[in-house]
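Next come the chains, spelled out residue by residue.
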Amino acid sequence: MANNKAKVAFFDFASCEGCQIELTNYGDKDFLELLQHIEIVEFREAMSEKTSDPIDIACIEGSYTRQADCQRLLDIRCRAKVVISYGQCAGTAGINALKNHQADYQSFVYDRDAGMPHLDSDNAKPISSIIKVDYQVPGCPVNRYEFLDIISHLLHGKEPVIPNYPVCVECKRNETICRFLAGDHCMGMVTRAGCGAPCPADGIPCEGCRGFVDNPNQYALSKVLHEKGGLSLHRAESKSLLFNANERDNANKESEID
Amino acid sequence: MNNTKIDVNIDIKHLTRVEGHGNIIVNVSNGKIEKCQWQVPESPRFFEAMVRGRHYSEVARITSRICGICSIGHTLASVKATEAALGIIVSEQTSKLRQLLKHAENFDSNVLHVYILAAPDLLGAKSVFPLIQTHTDIIRRALNLKRLAHEWGSAIAGRTTHPTTVVPGGFSKLPDIQALKELKQKLTAAIPDLAATVETILSITDQIPDFNRPTEYISLSNDNNYAIYDGHIQSILSDGYKQRYPVADYLSITNEYVSQWSTAKYCKNKLDSYMVGALARLNNNYAQLKPQAKLAAEKFNLSSLCTNPYMNTIAQVVELVNDVYTSLELLDDIISHGIHHEILVEPEKYGQGIASVEVPRGILFHDYQYTEDGLCSGGNFVIPTNQNHANIQYDFEKLLPELLEQNKTEAEIELALEMLVRAYDPCISCSAHYLKVKFV
């Protein structure tokens, strides 16, 4: 049956697939309403159907970690008008990049079998290291309402707006007590908002799962975690890497150029 | 017609409607089986290495990211193992709330699997999407039950995908009593939908293949309830013989090894393979199901001991009923005691800790070592799906000759093998395997 709905597909690489699971948490009303506007044409985790038609919007979850996945990414790019990196693993490699700073991760986990070809794994990278990415849905997991907002903008021919202010703004808006005032530490001051700041409201630090705002003050980050958050210098540095090992690297490279 | 001379070539790369990536490869030439394999090409993610050097407050937030479907279970196994390593004993209130949370996850995942991943095969569809037109009420019910599970888990853990409030020593934020009363109302209101779920699945059970292969079934078990949050390791064989082991002995039960036929690690205990998951739980702990869940099981003629792995999906339906009725009792108990503000229990020591919970797909183990500064020096996880891989392979090897004997077509064989893998509800992203524990 022909229709004018945007054709949307979901694909997955190295990830927990939790961002895809978020799509099942809308309830019937919101989800069926969404399907009034888009047609999901391929989604391996939830459907066996596949399409040979061009895809309007491809949402890709997961990091690029091995050459074997390169062609699959290139094929998706060829098939899709718009590519969205869906979740932080695809956007910056998120938590997967934690291993990038460890030279021995393969032998630690697989010992003498580490050289077996199917266990091949390079540094975890964003999918944008292989293909052009048009838009990002940040977060670990994504905020499923932010995803709706982005899709809605695209369907209306508008540019989606992703906040470029830190999570602190949302905590102030929510009247959440600052983690530093509660004797804790927090990454909210460099982390891109848009999640609604649930973690500080639930009594835990922002871990930076949505990646950094543009031009974060990375020098001050470890310093504040150490001086105001009471973390040792070692922990302050390792904390800053938690979801942002790749972003931290990039920022260090930029500061070297300066 | 006799097709014993049949050629079959099945090469399914990235099987659909399962979590993670798995392949099915079958080659039958002139009736002779040349290849019959369940393969796992999932990209490894190295969580065991990633937790090294991490403070105990951060470890569960990393390991919850092993799996998006079982992230509550990974969080709970992680904080329990960390607490064991740190000598932390949590309050009764914490323990009850975590049990309530564990049931939320089990319900959440079982709804997802039964309705979204498995039911389309039984209804002759390729996914739920065409069913929106043909079976609107069923899909609406599925989405609403899934949403209920999400609200249920979020009421306690902040959110269901990568929980926020569950931390070593207790909860960083406790639910208020009003939220728990509302949750009780929602669960009570869902009872008609539960009954409808049983009836819907009952109406399509004739599509479930009749295939039996006795194996060993392993799950948690305890003397107080249908174990999903704590207990001993328990094994039951098809003759009903049960044996219990301490959780700390998990390495000598799981015995992971590398197979020459498959890239996935295999596990074995008493036999060549064993099964974990809802059917293993039901086989071990049937007597402890709530009466309403037993009634549901009886409708499906399901009792202990069942040796048909396809019935794992039905065991999940029975658990849906059990999760709700168990949680209503837990909620009454918690509400009657009131919610008391409690500060987090502080560490008493730093050492090794091992813990286990039942995640929807089966028994899960987390194991950590901590140094004096509260930093993790090594971690090890044994994941349910890895424990099932060998059992799936041996099921394939018994099932394929039977299907050939029954003169099934290639398409029918393909569907039967796909359905078998789906029945195990594999969660392959979880496959953060280990070979050897090696703490540094």
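Summing up its helical and strand segments, chain B has 14 helices and 14 strands in all. In terms of overall size, chain B behaves like a compact globule, its C-alpha atoms giving a radius of gyration of 21 Å where 440 residues would be expected to give roughly 22 Å. Principal-axis analysis of the C-alpha atoms places the extent of chain B at approximately 75 × 50 × 40 Å. Of all 440 residues assigned to chain B, the portion counted as buried reaches 56%. Partitioning the intrachain contacts of chain B with sequence separation of at least 6 by distance along the chain shows that 73% fall at a separation of at least 24.

Secondary structure summary: chain A contains eleven helices and five strands in total. Burial statistics for chain A: of 258 residues in total, 48% are counted as buried.

Okay, the environment of Lys-126 of chain B next. Counting through the fold element by element, Lys-126 of chain B comes out in the loop between α4 (92-122) and α5 (128-134). On the basis of neighbour count, Lys-126 of chain B is assigned to the partly exposed category, with 15 C-beta atoms found within 10 Å. The spatial distance from the C-alpha of Lys-126 of chain B to the C-alpha of Thr-16 of chain B is 9.5 Å, given a sequence separation of 110 residues. In this structure Lys-126 of chain B touches Met-47, Ser-48 and Glu-49 of chain A together with Pro-120 of chain B, once residues within four positions along its chain are discounted.

Before going further, it helps to examine the interface of chain A and chain B. Residue-level contacts link 49 residues of chain A with 52 residues of chain B. Elements with a minimum of two residues in the side of chain A that touches chain B: α1 (18-22), α2 (27-34), α5 (105-110), α8 (198-201) and α10 (233-241) of chain A.

Right, let's talk about the sheet that holds strand β8 (residues 242-245) of chain B for a bit. All names here are of chain B. Taken together, the four strands give an open sheet; going across it, the order is β8-β7-β6-β11, and neighbouring strands pair in mixed fashion. Taken across any chain shown, the strands that pair with only one partner, and hence form the sheet edges, are β8 and β11 (274-275). Summarising the sheet, strand β6 (residues 216-221) and strand β7 (residues 232-236) pair through five bridges and their orientation is antiparallel. Counterpart to Tyr-217 in the pairing with β7 is Ile-236. Against the sheet, helix α10 (residues 278-285) contacts β6, β7 and β11, and its axis sits at roughly 75° relative to β6.

Glancing now at the confidence of the model for chain B. Residues and elements named next belong to chain B. Summarising the model, chain B shows a mean pLDDT of 93, and 95% of its residues fall at 70 or more. With pLDDT under 50 throughout, residues 432-440 is counted as low confidence; its partners more than four residues away or in other chains account for 31 contacts. Among the scores for the predicted complex, ipTM is 0.93 and pTM is 0.94.

Bringing the domain arrangement of chain A into the picture now. Frequently, the measure chosen for interface size is the accessible area removed from exposure when the parts meet. Residue and element names in this part refer to chain A. Split by domain assignment, chain A resolves into domain 1 (6-155) and domain 2 (167-257). Opposite the 16 residues of domain 1 that make contact, domain 2 presents 13 residues. Across the side of domain 1 that touches domain 2, the residue classes tally to seven nonpolar, eight polar and one charged.

On to unusual backbone geometry, then. Geometrically, the link from Cys-140 of chain A to Pro-141 of chain A is a cis peptide bond, its omega value of 0° lying close to zero. Mapped onto the elements, Pro-141 of chain A comes out in the loop between β5 (135-137) and α6 (144-155). Of note, the bond from Ser-304 of chain B into Leu-305 of chain B is cis; its omega dihedral lies within 30 degrees of zero at 20°. Secondary-structure assignment places Leu-305 of chain B in the loop between α11 (291-299) and α12 (312-337). The phi angle at His-162 of chain B is positive, at roughly 60°, despite the residue not being glycine. Within the secondary structure, His-162 of chain B sits in the loop between α6 (136-157) and β4 (166-167).

All names here are of chain B. The three strands lie next to each other as β1-β2-β3, forming an open sheet whose pairing is antiparallel. The strands lining the two open edges of the sheet, one partner per strand, are β1 (8-12) and β3 (32-39). Strand-to-strand twist of the sheet, defined as the mean angle between neighbouring strand axes without regard to direction, takes the value 5°. Of the pairings in the sheet, the one linking β1 to strand β2 (residues 23-29) comprises five bridges and is antiparallel in character. Within β2, the position partnered with Ile-12 by the bridge is Ile-24. Here helix α13 (residues 384-405) sits on the sheet in contact with β2 and β3, set at roughly 150° to β3. Each of β1, β2 and β3 touches helix α14 (residues 410-423); the most contacted strand, β1, lies at about 40° to it.

Residues and elements named next belong to chain B. For the pair α6 and helix α8 (residues 191-202), interaxial distance at closest approach is 11 Å and the crossing angle is 130°. Regarding the angle of α6 to α8, the classification is oblique. Taken as a pair, α6 and α8 cross one another with a handedness that is left-handed. Here Ile-138, Arg-141, Asn-144 and Leu-145 of α6 come into contact with α8, specifically with Asp-193, Ala-196 and Thr-200.

So, about the pairing of strand β14 (residues 376-382) of chain B. Residues and elements named next belong to chain B. By the criterion of burial, β14 is predominantly enclosed, with six of the seven residues buried. In this structure, strand β13 (residues 362-370) lies alongside β14, joined through six bridges in antiparallel fashion. Its bridge partner being in β14, Phe-365 is matched across the sheet by Val-382. The turn joining β13 and β14, which pair antiparallel and follow one another in sequence, is formed by five residues; a positive phi near 80° is taken by Gly-374.

Quick look at the nonpolar core now. Counting residues in each nonpolar core, the largest one holds 193 residues, and the members touching the most others are Ala-58 and Ile-60 of chain A together with Val-111, Leu-279, Val-318 and Val-421 of chain B. Examining the composition of this core, we find that 13 residues originate from one element, α4 of chain B, more than from any other. Domain assignment of the residues forming this core places at least three in each of domain 1 (6-155) and domain 2 (167-257) of chain A. Those residues in contact with Val-421 of chain B, other than ones at most four positions away along the chain, are Leu-15, Val-18, Gly-22, Ile-24, Trp-38, Ile-392 and Pro-426 of chain B.

Moving on to the environment of Leu-344 of chain B. Residues and elements named next belong to chain B. Note that Leu-344 resides in the loop between α12 and β12 (352-359). Classification of Leu-344 as partly exposed rests on a count of 16 C-beta atoms within 10 Å. In contact with Leu-344, other than residues within four places in its own chain, are Val-167, Gly-169 and Gly-170.

Basis of the calculations
- Residues numbered from 1 in each chain as written.
- Chains lettered and ligands numbered in written order.
- Predicted model: local features only at pLDDT ≥ 70, side-chain atom pairs only at ≥ 80, totals over all residues.
- Helix = DSSP H or I, 4+ residues; strand = E, 2+ residues; numbered from the N terminus.
- Rg over C-alpha atoms; globule rule 2.2 N^0.38 Å.
- Buried ≥ 20, exposed ≤ 12 C-beta atoms within 10 Å, placed from the backbone.
- Contact = placed C-beta atoms within 7 Å.
- Pairing = 2+ DSSP bridges.
- Axes fitted to C-alpha atoms, helices over the stretch in contact; angles between N-to-C directions.
- pLDDT = per-residue confidence, 0-100.
- Domains from an automatic or database assignment.
- Nonpolar A, V, L, I, M, F, W, Y, C, P; charged D, E, K, R; others polar.
- Parallel < 35°, antiparallel > 145°, perpendicular 65-115°, else oblique.
- Left-handed = near helix turned anticlockwise from the far one by under 90°.
- Core = buried A, V, L, I, M, F, W, Y, C linked by C-beta atoms within 7 Å.

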